[in-house]
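Working through the structure, step by step
These are the residues of each chain, in order.
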Amino acid sequence: MNAPLAASGTTTLSSAEPDLTTASAPAARAAVVARGLTKTYGSGDAAVHALRDVSVDIAEARFTAVMGPSGSGKSTLMHVLAGLDTADSGEVTVGPARLTGMKDKELTRLRRDYVGFIFQQFNLVPTLTARENLLLPLQLAGRKADPAWFDVVVDAVGLGHRLSHRPSELSGGQQQRVAVARALVSRPQVIFADEPTGNLDSRTGAEVLGLLRACVDDFGQTIVMVTHDPMSAAHADSVIFLDDGQIVSTMARPTADGVLAVMRSISTTHDLPAGA
Amino acid sequence: MLTVTLKGMLARKLRLLLSAVSVVLGVAFVTASFSLGDSISGAFDDHIANANAGVDAVVMAGAADGSSPGALTPSLVGALAEVDGVTAVAGTTTGFAQLRDPGTGASPADASGAAIGWIEDDVLNPLTLVEGSAPLHRDEVVIDRASAESLGLQIGDSTRLITHAPARDVTVVGLAELGDGGISVLGIEAATAGEVWGYGDGFSEIRVRGEEGLTEAQVADAVEAALAAAPGTTGAGDGATDAAAAAAVTPSVYTGTEVTEANVAALEEQTGVITTFLLVFAGITLFVAGFLILNTISMLTAQRSRELAVLRALGASRGQLVRGVVAEAATIGVVGSLVGLAAGTGVATGLVALLSRLGLGLPETTVSLELRTVLVALVLGPVVTVIASLLPARRASAVQPVQAMREAAVPRTRRRVRATVATVLTLLAVTASVLGVREVSTPLVGAGAVSMVLAAVVWGPLLVGPATRVLARPFVRLAGRPTRLAEGNVIRTPHRSAATSAALVVGVALVSATAVIGSSMSGMAESEIKGSLDADVVVWSMGGMPFGGEAAGAVAGQDGVEEVGAVKIAEADVAVGASAPATEMVSAMDPALAHDMLHLRMVEGSTADLADGRVLAVEGEAGLGDSVSVTVPGAAPLELTVSGLYEGTPALGTYLVTAADLAGIAPQAADVYLLATAEEGTTGEELQATLDAYLVDAFPLLQAMTMDGFVEANRSVVDQAVTMISALLGLSLLVALLGVANTLGLSVIERTREIGMLRSIGMSRRQVRSMVRVEAVLMATYGALLGGALGLVLGRTVSAVLMDGIDLPVSVPAGRLALYVGVAVVAAVVAATLPARRAARLDVLDAVSAT
């Protein structure tokens, strides 16, 4: 049952091995720290171990991709790191905030202050214009936008002339750009992106990935992206591979071919086609 | 957050409109009820005040509202004219009268009509002559312009004057108005008025005007002092009826303002009863509307659960989501209430105009919209809406932010909690109802009824699935495959289906309960009347109006009549032993005739035990040998001993005394019906025909009926009430059906993609339509059947209490109940028309790609 690759990674990642998660800058601080995360759905024979004792550090101002086949636990890991879901055991810290045991109110504040999201389905509010969608997180938190930063963000995503349009009047790529801007505008500690190119064609997808890359490089934004596409993962600074609820491998300065090779080796152990 | 809410609502105008319709209907009903009542009483108030303008004091035999008449003598009028400070005095008599339509020869349909003896003094006379001359001869009358028009009468025309006395020919000599006009009223010659209403040459009231500069109170005091100094001034008029002469009446003095106020109060009490009655139904409609709102908002938020989850992920708190949903509801409530307010005022205006056109004597057609009405409407609508939205708002806010990234979440069901609550409510309902029926306790039966309805609502989501599976069976043959899909659609959202049906359950339960109660009451009327009266013909006035004593003698003199027994019923305060007096209906009859003609089910004693100084009482009201004190205003108490107990019957009041005893305290107490037996050789039908032929002219207000006809007439009163209540409840049914349309419409929108898929794999438009229709039929059948069953039980328990221990099988109007269920189902199919068409017209490609 144990994967050959997993043999080298049976010991889960820890801050003692910083080179595994912080690809280009070993001294970078961690934006998100997780220790000993375990989560099980169901019980008895039907139990599904979504996370088995996962520990991970997400480096600040870096672009981290999380990969793995369907059911590997990559989505669950992201949900837990983002405070959307809770682990059965283990601890998560986002910036200065310790998520474990947080009540709904505190989690809401966490989302307002420290976390941004980019979804596969874009998830813009259809009745609001691009500008209103962009400002929504700030309005929900009862804050005013910093006009200078707002302009910088709008400029970065290249949507200045589209701000008064509604989502239905925008292409998929444009909608996802609005979503990126929406995540950026409140300057979160970390942005979680869930298959951000999953609903886009490859060219538009590449543009969005370039935009995310630029956010990291130009603004020092921390981004965690869940994906099953090796091409997407190649835009990241580092990749974490999950399988069967465990981190089985990591890769710094990934290339599409390198990522594909790792994914294949994981898949063969399950006898499943890659990326299923 | 508010921006998101408002923009979202604007984008879904149709849904907003649908959810607002139920609020509109409820609020319109409330507004119309208030506004109609206010308009009627407001209009009359002014005219009463005008009619009494310039009158400083009024002497009356009884209460200021004229409810207890008694004769005031001409000598008293003379004495008052001598009082210092009094400038004018006039005695007059008021009573019931109508003019017959000269064209058709028919009496007006309603048994109402007021008339007053003419007063020569312009100020004291409430009537103002506007055209022609005053009625100064026995055969002359003046009439108000509106009545003249509706009856087609002009000055100089002849017709017949109908009172409780024999009809007489009269000529219209002038047009007169009360106050500013508009109230239908007759003026007849002064002396004739006294005769017609049994006051002889006496009066029912004396109107007094004082000198310039004196206050009303000063004039009234002077009159009162004069009355006290002149004893024996009442009831001694020459030629007054025996009864009137026997009256020991103490006259009372009121100021003009007091009389106006008392009249206004009496009127407001009447319109108040109507308003309250209407408001009860308006409340039921709003209650049903509440279900609809709850359901609509639940569906709207369920459809938006991903959007709500995204908002949560973007940092919205639970409170913000709740406030958003509630704000949406409040907007629906405010918009719906505003429209409802306008619609209700419109309906009231229409009704007032209609009433005026029907000649029901509404003085003016402007509708009064009081601040109170506006406030109630604008508060009630939004409050009901907001309360109904709290549950869906709480549920919606429980959405997990993570659902923004997952497929639709599975709703959490707590079947066990629901089943427990439902079971407890059912047990409560059964216990309270059984105890309530056994103990004849209204509060217990009421509590039972309320918990029964609640239990049905709580059971709903658990019951709707199994019920639908059974109900769907007959349709499988009819509509084939689409039925299976429809069945699945109803079952997969049990909460929604149940909430949609709940509105129907409540509506159908109420109309069914009304039908059961009505049928039981009319069944009771039949068996009780037939069982307790032993006569061939009953003579009474339509609508049960009392009538004068001379009719009894006149009927007795007709061919084929063996005996005539007059039954009087009067309202009196009755005290048993030392207990506090209660207002009861006291009936009276000649004891010998009572023994012959009344077949009471005696619990103790017999009808032969009725004699002067004795009383028969309904079982449970008093015990054998108890002393009973009967009091009417203005008379000394009548002390009686209970000599028998009988089971209650609608034919008689709570107590039965001798005619002589009642006449002793209430000489004016009129006959309510006459019982006549036929001589040997004459059948009941023959006698009825003879009497009817005589009465039509001699006593035009009276009718002779065979026992069967009398029972039928009593039943028709009940039936009319049932029909009216059912019509009012119909509005809540209408709201419930709107709910069916609304739910289907929303679920079609929700299932756009699925319908597109079904169409793409070969489902025809026709099949899509029948699928949606069958869904409507399944929900409606479930709701109507459950409602009908609930109504049956409710009707039985309530009937049991209403019949107050009268042991009678409750009758079930099976035909009527089946009709209600049928109508509900057919109406549901109609309600499903639009959603079905919408679903069938969906473009396959668009639908499949819809998100």
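All figures in this text were calculated on a predicted structure; none of them were measured in a lab.

Scanning chain A from terminus to terminus reveals nine helices and ten strands. Relative to its 276 residues, chain A shows a buried fraction of 47%.

Within chain B one finds 25 helices and 22 strands. Considering chain B as a whole, with its 851 residues, one finds that 53% of them fall into the buried category.

All names here are of chain A. The element strand S7 (residues 190-194) is extensively covered by neighbouring structure, given that five of its five residues are classed as buried. Of the two faces of S7, the one lined by Val190, Phe192 and Asp194 and the one lined by Ile191 and Ala193 are each fully buried. With four bridges connecting them, strand S6 (residues 115-118) and S7 associate as parallel partners. Note on S7: the bridge partner recorded for Val115 is Val190. Note on the crossover from S7 through helix H7 (residues 202-219) to strand S8 (residues 222-226): the handedness is right-handed.

Each partner contributes residues to the interface: chain A has 20 residues there, and chain B has 20 residues. For the side of chain A that touches chain B, the secondary structure elements donating two or more residues are helix H3 (104-113) and helix H4 (130-140) of chain A. In terms of residues, the side of chain A that touches chain B owes the most to one element, H3 of chain A, which gives five residues. Looking at the side of chain A that touches chain B residue by residue, the classes come out as nine nonpolar, four polar and seven charged.

What follows concerns the confidence of the model for chain A. All names here are of chain A. Of the residues in chain A, 87% reach a pLDDT of 70 or more, and the chain-wide mean stands at 83. Within the model, pLDDT remains below 50 along residues 1-27, and this stretch shows 44 contacts once partners closer than five positions in the same chain are excluded. Contacts of residues 272-276 to residues separated by more than four positions or lying in other chains number ten contacts, the stretch itself having pLDDT below 50.

Residues and elements named next belong to chain B. The geometry of helix H20 (residues 707-750) relative to helix H22 (residues 765-802) is characterised by a closest axis approach of 11 Å and an angle of 140 degrees between their N-to-C directions. One element, H20, and the other, H22, form an angle in the oblique class. Handedness of the H20/H22 crossing: right-handed. Contacts from Val740, Leu744 and Val748 of H20 reach H22 at Val772, Glu775, Ala776, Met779 and Ala780. Looking at the contact of H20 with H22 residue by residue, the classes come out as seven nonpolar, no polar and one charged.

This paragraph deals with helix H21 (residues 752-760) of chain B. Residue and element names in this part refer to chain B. Taken together, the buried positions of H21 are occupied by Ile755, Gly756, Leu758 and Arg759. All buried residues of H21 project into a common sector of 160 degrees when viewed along the axis, lining one side. A positive backbone phi angle near 115 degrees is found at Gly762, which sits one or two residues after H21.

Definitions and cut-offs
- Here the residue index of a chain counts from 1 through its sequence in written order.
- To read the labels, note that chains go from A and ligands from 1, taken in the order they are written.
- Residue-level local features of this predicted model are given only where pLDDT is at least 70; pairs of side-chain atoms are given and counted only at 80 or more, and the full residue set underlies all totals for whole chains, interfaces and linings.
- A run of H or I in DSSP becomes a helix once it reaches four residues, and a run of E becomes a strand once it reaches two; helices and strands are each numbered from the N terminus.
- Counting other C-beta atoms within 10 Å of a residue's own tells you its class, since 20 or more makes it buried, 12 or fewer makes it exposed, and anything in between is partly exposed; those C-beta atoms are placed from the backbone.
- Should DSSP find at least two bridges between two strands, the strands are regarded as paired.
- Here a crossover is taken to be right-handed if, once the strands point away from the viewer, the path from the first strand over the helix to the second is traced clockwise.
- It is the C-beta atoms, placed from the backbone, that decide contacts: two residues are in contact if theirs lie within 7 Å.
- Nonpolar residues are Ala, Val, Leu, Ile, Met, Phe, Trp, Tyr, Cys and Pro. Charged residues are Asp, Glu, Lys and Arg, and all others, Gly as well, are polar.
- A residue's pLDDT is the confidence the predictor assigns to it, expressed on a 0 to 100 scale.
- Under this scheme, a helix contributes an axis fitted over its contacting stretch, all axes are lines through C-alpha atoms, and angles between N-to-C directions fall in the 0 to 180 degree range.
- Note on angle classes: values under 35 degrees are labelled roughly parallel, values over 145 roughly antiparallel, values of 65 to 115 roughly perpendicular, and the remainder oblique.
- The hand of a helix crossing depends on one turn: near helix anticlockwise from the far one by less than a right angle means left-handed, and clockwise means right-handed.
- For this quantity, the arc is that covered by the directions from the helix axis to the C-beta atoms.

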